[in-house]
Amino acid sequence: MFAINNFFLLTFSFLFSAALHASPPKEALLIANGKYSHFAGLAHPSPDAAKLSAALEQLGFRVRVVRDGNREQMIDAIAEFERGLRNTDAIAFFHYGGHGVQVDGKNYLLPADADIPDERRVATRAVALDEVMTAMDAAAARASIIVIDACRDNPLPAGSGRNLARGLSVVGMKPKNSIVIYAAEAGSKALDGLFTPILAVALQQKGRTIDQVMKIVRSEVYAKSSGQQTPGEYNQLFEELILGELAGVDLTPETAFAAKPAGTPYAAPTSASLTTDDMVLVEGGTLPDESDLAGKSVQSFYIGRTEVTWLEWKKVKNWAADNGYDIGNVGEGSGNVHPVQNVNWYDCVKWCNARSELAGLTPVYQVKGKVYRSGEYGDMGSGVVMPISSANGYRLPSQTEWEWAARGGVESRGYKYSGSDDLNAVAWYSLNSSGAEVELGSRVSKNLFGGGTFPVAQKGRNELDLRDMSGNVWEWCWDSNGPNRHVRGGSWNFHANYCTVAYRYDSHSPDARNYYIGFRLARNLN
């Protein structure tokens, strides 16, 4: 399969300045290809580059824009940018807007004059994205941020090749200390002209880290695309980066780069944002030797950034009741943005199917060849309820997938808990949950049990920007151990040793409901 998309590439490279009290220099190269000689023209790259250029200049960047460049001009501009960055202690920004293509898992940028009749000519007539990554790495930048906006249909002639795939692939070569941001999740398309203007505006919010900027961008892109597009991220930054200083603050290298990630103020999700498909792409891999599941591998998949909330549960459950599901009046929550509790394994599996149908996706779970909508089967579990491996709907993660994601996947730094060796930094558990509150209509009161769940995403993230994979509530997984089902991650009323990424709890019957168990969604890439 072959798919071409316009994409937008951003790269920030950072070097500490020897002059510790001077603002770090900032350099930007923007390449905008819209007037194609052999493919359909693109209206947005040039005006998008203008908006982005203006935003960067306000942040103190010196910007160079190359419009409608041929292959030689693009390669020369990238090489010149690399040379100009060396030994400058600069923050660097690289952006590409135009057509792009994925061939055999590699991404290419298409020059404006490119004549490419089939996939065999792509490597010699386009510019490999790896060339950009190699150049930025060779520039010895302190850190890099790469944002890829893939958003157009394939302009090549039909039948031009068999080794092409939808959207863009995960970038293989990444500069040290980098973050790769996709305007749309890897393997999917983005809407034309949506992502870049939103990014340009968000970048101008001074005093924010790049992580905080991208939270704003993710939310707006999802809302304005009516749920069709969600940006994805692969964060390997060792420090937080602040691009623009607040009024009266001198943005020295010490303040531009923080040795420890700065805390992100928690903002409770609104009702609208809770309907988003806030999923994170997890690149496949193999669990390490220290895991009880050592040597087990997983393919790349998506997993929910947070646990399913009480509000999300209620919305889907209400729809399901009118569409042939018998989920019933089950589930509880201490508040709309708290994780759902008191749901059993069967409740969650049926809810996943309902969530899939509501979103126009193919339900994963079947009973005797039909979509699983009703009934429970005691300890029989997967002996009756069977998954369709090719379905693109929502599902429970396997425990191998769950642990791989909790450890941070390919970005793992080997933490004991999900995101830290300090459990208090990333989890609500028995020793810090006594301040839990319960929403009672318009009132908020202390939990009568003295502890309880907390709103999702209040604690720190792991390497993949996943939240609460340690603590808050245990999370159902698909797997069985005899008649029982696995739950992972610990919860607000369990001690620290249960919250490690390695701990496996397999003593729960699939039809049992408990006030300390919820779940998190997963999805296949297809």
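None of these values were measured; they are calculated from a predicted model.

Novice: How would you explain the overall build of the protein if you had to name every residue and give the values?
Specialist: Scanning the protein for helices and strands turns up 11 helices and 28 strands. Taken across its 526 residues, the protein has 57% of its residues classed as buried. Of the contacts formed within the protein by residues at least 6 apart in sequence, a portion of 74% connects residues at least 24 apart. In the form shown here, the protein has an accessible surface area of approximately 20,500 Å², with 49% of it arising from carbon and sulfur atoms.

Novice: Would you mind going over helix H4 (residues 129-138) in detail, with residue names and values included?
Specialist: Of all the residues in H4, the buried ones are Leu129, Val132, Met133, Ala135 and Met136. All buried residues of H4 project into a common sector of 160° when viewed along the axis, lining one side. Just beyond H4, the residue with positive phi is Ala140, at close to 60°.

Novice: If you had to explain the nonpolar core to someone new, which residues and values would you point to?
Specialist: Counting residues in hydrophobic clusters, the biggest one holds 78 residues, and the most contacted among them are Trp313, Tyr365, Val385, Leu396 and Phe519. Top contributing element to this core by residue count: helix H9 (residues 345-358), with seven residues. Counting residues in hydrophobic clusters, the runner-up holds 34 residues, among them Leu30, Leu56, Val147 and Val217.

Novice: Break down the packing of helix H8 (residues 310-321) against H9 for me, citing the residues and quoting the values.
Specialist: Relative to each other, H8 and H9 sit at 75°, their axes nearing to 9 Å. Classified by the angle their axes make, H8 and H9 are roughly perpendicular. Between H8 and H9, the residues in contact are Glu312, Trp313, Val316, Lys317, Trp319 and Ala320 and Asp347, Cys348, Trp351, Ala354, Arg355, Glu357 and Leu358, respectively. Residue composition of the contact of H8 with H9, grouped by class: eight nonpolar, no polar and five charged.

Novice: Before we move on, can you summarise the sheet that holds strand S18 (residues 365-367) with the specific residues and values?
Specialist: In spatial order, the strands read S19-S18-S20; together these three strands make up an open sheet with antiparallel pairing. A strand with exactly one partner marks an edge of an open sheet, and here the two such strands are strand S19 (370-371) and strand S20 (385-387). In the sheet, S18 pairs with S19 via two bridges, with the strands oriented antiparallel. Looking across to S19, one finds that Gln366 is bridged to Val371.

What counts as what
- Residues numbered from 1 in each chain as written.
- Predicted model: local features only at pLDDT ≥ 70, side-chain atom pairs only at ≥ 80, totals over all residues.
- Heavy atoms only, no water.
- Helix = DSSP H or I, 4+ residues; strand = E, 2+ residues; numbered from the N terminus.
- Buried < 20%, exposed > 50% of the residue type's maximum accessible area, 1.4 Å probe, protein only.
- Contact = heavy atoms within 4.5 Å.
- Areas by Shrake-Rupley, 256 points an atom, 1.4 Å probe, with all protein chains shown as cover.
- Arc of directions from axis to C-beta.
- Core = buried A, V, L, I, M, F, W, Y, C linked by side-chain atoms within 4.5 Å.
- Axes fitted to C-alpha atoms, helices over the stretch in contact; angles between N-to-C directions.
- Parallel < 35°, antiparallel > 145°, perpendicular 65-115°, else oblique.
- Nonpolar A, V, L, I, M, F, W, Y, C, P; charged D, E, K, R; others polar.
- Pairing = 2+ DSSP bridges.

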